[in-house]
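Observations on chain architecture
One letter stands for each residue in the lines below.
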Amino acid sequence: MTHTVTSPSAGRRLTSRGWLHWSLVPFAWLLVAADILVILWMILSSLKSTRDMVLTPWSWPSEFLWSNYQDAWVAGEFGAGVLNSLILIVGSGVGCILLTAPAAYALSRFRSRLAGAHTIFFVIGLGIPAQTIFIPLYVVFDRAGLVDSIGGLMLIYIGTGVPYALFLLTAFFRSLPGELEEAAAIDGAGPWYTFWRIMFPLARSGLITIFVLQAIGHWGETFFALVMLRHRTTLSLSLYNFAINMQYSGNRYNVLFAGLIILILPLLILYIILGRRIIEGIAAGYSK
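Parameters at a glance
- Residues numbered from 1 in each chain as written.
- Predicted model: local features only at pLDDT ≥ 70, side-chain atom pairs only at ≥ 80, totals over all residues.
- Heavy atoms only, no water.
- Core = buried A, V, L, I, M, F, W, Y, C linked by side-chain atoms within 4.5 Å.
- Buried < 20%, exposed > 50% of the residue type's maximum accessible area, 1.4 Å probe, protein only.
- Helix = DSSP H or I, 4+ residues; strand = E, 2+ residues; numbered from the N terminus.
- Phe/Tyr/Trp six-rings, centres within 6.5 Å; stacked < 30°, edge-to-face > 60°.
- Patch = residues over 30% accessible without salt bridge, like charges linked within 9 Å, V, L, I, M, F, W, Y side chains within 5 Å.
- Areas by Shrake-Rupley, 256 points an atom, 1.4 Å probe, with all protein chains shown as cover.
- Salt bridge = Lys/Arg side-chain N within 4 Å of Asp/Glu carboxyl O.
- Contact = heavy atoms within 4.5 Å.
- Axes fitted to C-alpha atoms, helices over the stretch in contact; angles between N-to-C directions.
- Parallel < 35°, antiparallel > 145°, perpendicular 65-115°, else oblique.
- Left-handed = near helix turned anticlockwise from the far one by under 90°.
- Nonpolar A, V, L, I, M, F, W, Y, C, P; charged D, E, K, R; others polar.
- pLDDT = per-residue confidence, 0-100.

1. Digging into the nonpolar core
Here is a general trend for soluble globular proteins: nonpolar side chains tend to be buried in one another's company. Counting 34 residues, the largest nonpolar core has Leu153, Leu169, Phe173, Phe195 and Leu207 as the members making the most contacts within it. For this core, the element with the highest residue contribution is helix H7 (residues 150-174), accounting for 13 residues. Met53, Ile89, Trp219 and Leu256 belong to the second largest nonpolar core, which has 22 residues in total.

The structure is reproduced here in structure tokens:
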């Protein structure tokens, strides 16, 4: 008969971990509850009249004014903004994945100092603030005729998303078993076929994570859109211009809240549907 002996230091570590767990979990749920309450308050505020918002901001709406969303959609010209934002999100997400997935797979499989240096070089891009590069970017894009262009803004979104995507996908491909590639090589498959037909589909959790994180970051992106676009608009720019106009049109905060809900609701729905995939992809990417 064997007995498991636990050292006092190990016992103290287990006790401290348990205390940390039970102290942080209620705090995390408190933050979740606060976020849900804020979102519900915003939704209810978007359905009130301006009078109800000012006099009874915490009460239930006396009348549900669904017309606030129609007013926000028309006054804010959200139609063109939503269409351009969808084009940007799909184009930049797919473009970033097509660029970084092959590079990340190569860096994860080619064990050399050069591969490590390339990975570090791309990761450095995570620490470069956008404010430090927008002037040279604007000059280059202006000379190339890409200012006030959805395609030009898409290129910026792809470029700024490459460092994190490459970092996450490199770690994700390293977590995939190499025996699959050996079996494919025995069957006569080349590296290109192995990547696109075997490894790429297996990395769908990481690819979905990259796409969703790109969508969340670019759906409400304002800085580059404000700098690069003159006559075109995105959803965030439509909301920005709408908020400015609301200041000079009677401060219709209920309609402004309706515009905010139009901006954040698609992201909430996307995260609710794909939240588990996002967590799995990030966990797998950081596990190596």
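2. Description of the packing of aromatic side chains
Tallying each qualifying case throughout the model produces 14 aromatic pairs. Centre to centre, the rings of Trp192 and Trp196 are 5.8 Å apart; their planes meet at 70 degrees, and the pair counts as edge-to-face. Here Trp192 pairs with Trp196, and both are found in helix H9 (residues 191-202), just four residues apart, close to one helical turn. Grouping aromatic residues by their ring pairs yields a cluster made of Tyr105, Phe173, Trp192, Phe195, Trp196 and Phe200.

3. Quick word on unusual backbone geometry
Of note, Asp148 is a non-glycine position whose phi angle comes to about 60 degrees, a positive value. Here Asp148 lies in the loop between helix H6 (134-143) and H7.

4. Looking at a nonpolar patch on the surface
A cluster of nonpolar residues, Trp29, Val32, Ile36, Leu37 and Leu40, forms a patch on the protein surface that exposes about 530 Å² of accessible area. Checked against the element boundaries, Leu40 lands in helix H1 (residues 8-46). Residue classification places Leu40 among the partly exposed positions, given a relative accessible area of 45%.

5. Concerning the side chain of Ser108
Take Ser108: it is sitting in helix H4 (residues 78-109). Apart from the residues within four sequence positions on either side, Ser108 is in contact with Thr170, Phe173 and Arg174.

6. As for the packing of H7 against helix H10 (residues 204-219)
H10 packs onto H7 with a crossing angle of 150 degrees between their chain directions and a minimal axis gap of 10 Å. It follows that H7 is roughly antiparallel to H10 by the angle criterion. As H7 packs across H10, the resulting crossing turns out to be right-handed. Of the residues in H10, those in contact with Tyr157, Thr160, Gly161, Tyr164, Ala165, Leu168, Leu169 and Phe172 of H7 are Ser205, Gly206, Leu207, Thr209, Ile210, Leu213, Gln214 and His218. By residue class, the composition of the contact of H7 with H10 is nine nonpolar, seven polar and no charged.

7. A few points about the confidence of the model for the chain
Within the chain, residue pLDDT values average 81, and 84% of them lie at 70 or more. In the model of the chain, helix H5 (residues 113-124) stands out as the element of lowest mean pLDDT, 68, in contrast to helix H11 (residues 223-228), which has the highest, 90.

8. Points about the side chain of Thr170
Secondary-structure assignment places Thr170 in helix H7. Residue contacts for Thr170: discarding those within four places in its chain leaves Ala104, Leu107 and Ser108.

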